[in-house]
Amino acid sequence: MLDVTAMRDELRAHYDLAPSMELAQAMADTHARMDRVVTMLDWAVHAPYVAAINRLKRERNAVVLAHNYMPPQIYHGIADFVGDSLQLAIRATEVEAPVIVQCGVHFMAETSKILNPAKTVLMPDMGAGCSLAESITAEGIAQMRAQYPGAPVVSYVNTTAEVKAASDICCTSSNAAQIVAAMDSDTVIMTPDKWLAQNVAAQVPQKRVVWWDGACIVHEQFTPQDLRDFRSWHPGLKIIAHPECPPDVVAEADFTGSTSGIQAWVERERPEQVMLVTECSMASNISDSLPEVEFLGPCNMCPYMQMITLEKVLWSLHSMTGAVEVDPAVAEPARRAVQRMIDLSRQLAA
Ligand code: 13P
Ligand code: SF4
């Protein structure tokens with residue numbers, strides 16, 4: 001368990017982390033990318049951390065891979081690459097630097113490690129989990145296989161390495177329907193997200209999709225009534241949902257896609273008003289590049305994603321602690337499932 005007081009004492013002994021308006025102004029170019037959502041006063045607090053992390057990244061020859069749900073000061077301030085789960089996994093296969101800092105949740109760092117066994121993959125907070133990853137074990141996969149003999153198991157990347165190792169192939173929200181459609185079987189087992197599975201089932205009617213009973217605690221909170229209310233209060237509002245939302249919520253949306261799919265849709269359509277039915281940081285991160293678009297709530301915070309802070313990133317790079325390890329006996333079959341997804345995605349996109 002991290003001793004926060006000791007960590008702060010050690011960091012203050014090595015870096016000047018006091019809020020600084022002078023530094024904030026010197027780093028105004030970076031702030032300009034989050035001007036709508038991060039005040040100059042807040043930036044004066046973040047800037048010393050951002051400057052220290054970017055210096056340490058060079059010293060340690062490290063790259064920061066950040067998910068679209070990271071807060072703006074991480075997404076715009078320190079990330080070398082940002083994206084959805086599929087993009088981050090693909091990018092992890094291309095990293096040349098010996099150190100990866102994963103700004104996201106634990107399964108994302110584990111996926112980077114599985115794909116890069118020789119690299120150091122740092123997780124700024126080991127407690128940053130995911131309700132989906134926690135909902136199933138390899139034993140659960142075995143139960144599903146016993147119930148549906150011969151059916152392939154397509155597991156969401158939001159799973160542990162053990163679950164990936166027990167699966168035939170992985171998927172993400174951006175390729176789930178194509179992966180399921182490509183399976184050589186009438187019945188396909190999808191784990192662990194029941195809502196993603198049901199949304200995919202509607203898109204792939206030629207398959208009988210059966211699912212595990214897991215859900216994302218962020219996306220399952222939205223209700224169709226929320227969406228109808230917002231539409232009635234803001235006529236013309238466009239509503240975009242993530243496929244981890246229940247199907248009755250997805251049915252109320254104008255578009256459904258992965259986090260990068262959502263971003264691409266808003267960039268293409270540029271609606272006057274839009275509501276992103278997903279994690280709050282998503283809208284914050286893209287709002288400055290789309291000044292003509294008004295982003296309306298509600299949004300929910302992912303408590304796991306929000307555990308990743310600039311302070312913890314600085315600590316992991318300073319102390320080089322929090323390295324993710326995966327037992328090679330598990331990593332090998334897990335890599336096969338992830339790599340099969342990446343290869344199939346590329347093949348289907350070609
Ligand atoms: P994406 O793959 O769409 O980025 O989603 C990851 C995730 O955890 C969403 O809750
Ligand atoms: Fe997991 Fe949901 Fe958080 Fe994504 S938003 S990491 S699926 S709990």
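Residues numbered from 1 in each chain as written. Chains lettered and ligands numbered in written order. Predicted model: local features only at pLDDT ≥ 70, side-chain atom pairs only at ≥ 80, totals over all residues. Heavy atoms only, no water.

**Let's talk about the UniProt feature "binding site: iminosuccinate" (unreviewed entry) in the chain**
In step 1: Following the UniProt record, the feature "binding site: iminosuccinate" (unreviewed entry) maps to H67, S85, Y156, V157, N158, S173, H242, P243, E244 and T259 here.
In step 2: In this structure, S85 sits in helix α6 (residues 85-94).
In step 3: Beyond its immediate sequence surroundings of up to four residues, S85 is in contact with H67, M108, V157 and T172.
In step 4: Within the secondary structure layout, N158 lies in the loop between β5 (153-156) and α9 (161-165).
In step 5: Among all residues touching N158, those that are not within four sequence positions of it are F107, C130, L132, A133, P192 and E244. (UniProt positions renumbered as here; feature names shortened; annotations may be inferred. Helix = DSSP H or I, 4+ residues; strand = E, 2+ residues; numbered from the N terminus. Contact = heavy atoms within 4.5 Å.)

**Some points on the site of ligand 2**
In step 1: Y69, V105, C130, S131, L132, N158, C216, V218, E244, C302, Y304 and M305 make up every residue found near ligand 2.
In step 2: Residue composition of the shell around ligand 2, grouped by class: nine nonpolar, two polar and one charged. (Near = heavy atom within 4 Å. Nonpolar A, V, L, I, M, F, W, Y, C, P; charged D, E, K, R; others polar.)

**Looking at the site of ligand 1**
In step 1: In the vicinity of ligand 1, the contacting residues are H67, Y69, D84, S85, N158, S173, H219, H242, E244, S258 and T259.
In step 2: Between an oxygen atom of ligand 1 and a side-chain N or O atom of N158, the distance comes to 3.3 Å.
In step 3: Separating an oxygen atom of ligand 1 from a side-chain N or O atom of T259 is a distance of 2.6 Å.
In step 4: Relative to its unbound accessible area of 300 Å², ligand 1 is 96% covered by the protein chains.
In step 5: Per-class residue counts for the shell around ligand 1 are one nonpolar, eight polar and two charged. (Polar contact = N/O pair within 3.5 Å; in protein donor to acceptor, adjacent residues only side chain to side chain. Areas by Shrake-Rupley, 256 points an atom, 1.4 Å probe, with all protein chains shown as cover.)

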